[in-house]
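Read off the chains here:
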Amino acid sequence: MFRRILIANRGEIALRIIRAARELGVQTVCVYSEADRDGPWLEYADQTVCIGPGPAAESYLRFDRIISAAEIANVDAIHPGYGFLAENAHFAEVCRDCRIEFIGPSPEAMALLGDKIACRKLARAARTPISPGSSGAVEDEDEAVKVAARVGYPVIVKAAAGGGGRGMRVARDEETLRAVIAAASREAQAAFGSGEVFIEKFLENARHVEIQVLGDKHGNAVHLYDRDCTSQRRHQKLIEEAPAPGISPRKRDAAARSAAELIKRAEYAGAATVEFLVDENQRFHMLEVNTRVQVEHPVTEMVTGVDIVTEMLHIAAGEQMRFSQEDISVTGHSIECRINAEDPQNGFLPQPGLVEQFRLPGGPGVRVDTHLEAGYRIPSNYDSLIAKLITHGRSREEAIARMRGALREFQILPIKTTIPLHQRMMDTPRFLEADYDIHYIERLLDETPLET
Ligand code: ADP
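Residues numbered from 1 in each chain as written. Predicted model: local features only at pLDDT ≥ 70, side-chain atom pairs only at ≥ 80, totals over all residues. Heavy atoms only, no water.

Regarding the overall build of the chain
Summing up its helical and strand segments, the chain has 14 helices and 22 strands in all. A globule of 452 residues ought to have a C-alpha radius of gyration of about 22 Å, and the chain, at 22 Å, matches this closely. Relative to its 452 residues, the chain shows a buried fraction of 57%. Intrachain contacts of the chain at a sequence separation of at least 6 include 65% that bridge at least 24 residues. Accessible area for the chain stands at about 18600 Å²; split by element, carbon and sulfur atoms hold 46% of it. When the 54 positive and 67 negative side-chain charges of the chain are each reduced to one mean point, those points stand 2 Å apart. (Helix = DSSP H or I, 4+ residues; strand = E, 2+ residues; numbered from the N terminus. Rg over C-alpha atoms; globule rule 2.2 N^0.38 Å. Buried < 20%, exposed > 50% of the residue type's maximum accessible area, 1.4 Å probe, protein only. Contact = heavy atoms within 4.5 Å. Areas by Shrake-Rupley, 256 points an atom, 1.4 Å probe, with all protein chains shown as cover. Lys, Arg positive; Asp, Glu negative; His and termini not counted. Charge placed at Lys NZ, Arg CZ, Asp CG, Glu CD.)

And the structure:
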């Protein structure tokens, strides 16, 4: 195992990694920006290093500053968390060149899975289901129209190098497709440095289901079953749960096995998530692979009992996978609500500011992953996620009942947060019956905004 690691992240995930490392007797060095000088999580680290001003481009995204800190602190490895440099293959390569272990996949595996076209090709070989579409990049309008005629409208045009829900265009007829294809390519070139685009069938009324997988450096791969992340707003997940409600065990197992096979073929070492859209007939269609730990990993931990972050450390240190597929089973049900410092009554406007009063919820089956405490000032520079409230119960109903209670207890005053939205969802019949799709929350908020 490593002696000392550097954490190239902030907030709740930095604290999550510190805790995992501490459990394994690994020392932690946390880097921080000037805007995070008073970050409560820094007190939990063995050592801290300031790496620059508040804007991420001048601190958390600066390879040179992070690598310098790593060398001065003499660490063996860097954990990137999620966001920032977590899916930057070039950064993973720089770490390797500097003989610092990157706690995540090799730059080659990351680049392969990060390219949506290459990933679709690999998925075909692994028999991971994908939505019908072009086999590679589409070169021009006519080719796009041919593909769309084959798979049927509506179609979605996507950038091979895309991410964060950007660079996608839906076309419901040939005229629109001809109009968007060149623009999509130009946009992709500007945003991601590659103009390559491809086409797939656009699925109406889909649910988002993903499979958590782990691979090691010895060619082993296992899956930790599924999560549902259908509750989204503008492609941002709000509520996640495990297992995904209403999916037949046979379809779930088939998708999960194919996801493990996919990362095995990519020679992937670390934690990854294979994301799928599931249509009304419970058919799975792979969207992409995320090559990092996800925000929503705790729901999988709650139902499988596997600590995903400690496993990432074991894997990066070169150990064999510590369990086989047969050792993994799912117990009960878990739900996570993302608590963001955003005002759901006012367009989800970010709400930085001083936390004056802070009260944590508790009781059986309640977990909170957060870096907040009273007296902490939430800076305006970063993502608005301030806490993850996770409950576990024997059934989905019990997990929801516990979530209701925990949401009532949780106080983060006077900051406006997404708590009222979650409270409403926990009483919304369509949510309770798990009868909704990825656009449901947006429609609900359009029709009946939250009361002020
Ligand atoms: P990104 O890498 O930008 O997150 P994804 O491929 O993961 O892109 O897609 C992001 C979101 O876009 C999905 O969660 C879904 O809401 C929507 N989407 C993507 N592909 C399709 C599709 N074929 N049909 C319907 N919606 C889609």
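Structural notes on the packing of helix α3 (residues 89–97) against helix α4 (residues 107–114)
In contact at an axis separation of 8 Å, α3 and α4 are set at 175° when each is read in the N-to-C sense. Relative to α4, the element α3 lies roughly antiparallel. Here A89, A92, E93 and R96 of α3 come into contact with α4, specifically with P107, E108, M110 and A111. (Axes fitted to C-alpha atoms, helices over the stretch in contact; angles between N-to-C directions. Parallel < 35°, antiparallel > 145°, perpendicular 65-115°, else oblique.)

Topic: unusual backbone geometry
Residue P154 is bonded to the preceding Y153 through a cis peptide linkage, with omega at -5°. Within the secondary structure, P154 is located in the loop between α6 (141–151) and β6 (155–159). With an omega of -5°, the peptide bond between A242 and P243 qualifies as cis. With respect to the helices, strands and loops of the structure, P243 is situated in the loop between β11 (236–242) and α8 (249–265). Here N74, not a glycine, exhibits a phi torsion of approximately 60°, which is positive.

Remarks on α3
Taken residue by residue, α3 has A89, F91, A92, V94 and C95 as its buried positions. In this structure, the buried residues of α3 make contact with α2 (63–73), β4 (77–79), β5 (101–102) and α4. The N-capping residue of α3, defined by a side-chain oxygen 3.1 Å from the backbone nitrogen of H90, is N88. Looking at the residues trailing α3, positive phi occurs at R99, about 60°. (Polar contact = N/O pair within 3.5 Å; in protein donor to acceptor, adjacent residues only side chain to side chain.)

Quick word on the pattern of salt bridges
The full count for this structure, using the stated rule, is 36 salt bridges. Across the salt bridge formed by E108 and R96, the nearest N and O atoms sit 2.7 Å from each other. Linking E108 in helix α4 with R96 in helix α3, this pair joins segments that are 12 residues apart in sequence. The residue R172 makes a salt bridge to E204 at a minimum N-O spacing of 2.6 Å. Here R172, found in the loop between β7 (169–171) and α7 (174–192), pairs with E204, found in the loop between β8 (197–201) and β9 (207–215); they are 32 residues apart in sequence, far enough to count as distant. The class for E204 is partly exposed, based on a relative accessible area of 33%. Put simply, E210, R227, K237, E240, E275, E296 and R338 are held in one network by salt bridges that share partners. (Salt bridge = Lys/Arg side-chain N within 4 Å of Asp/Glu carboxyl O.)

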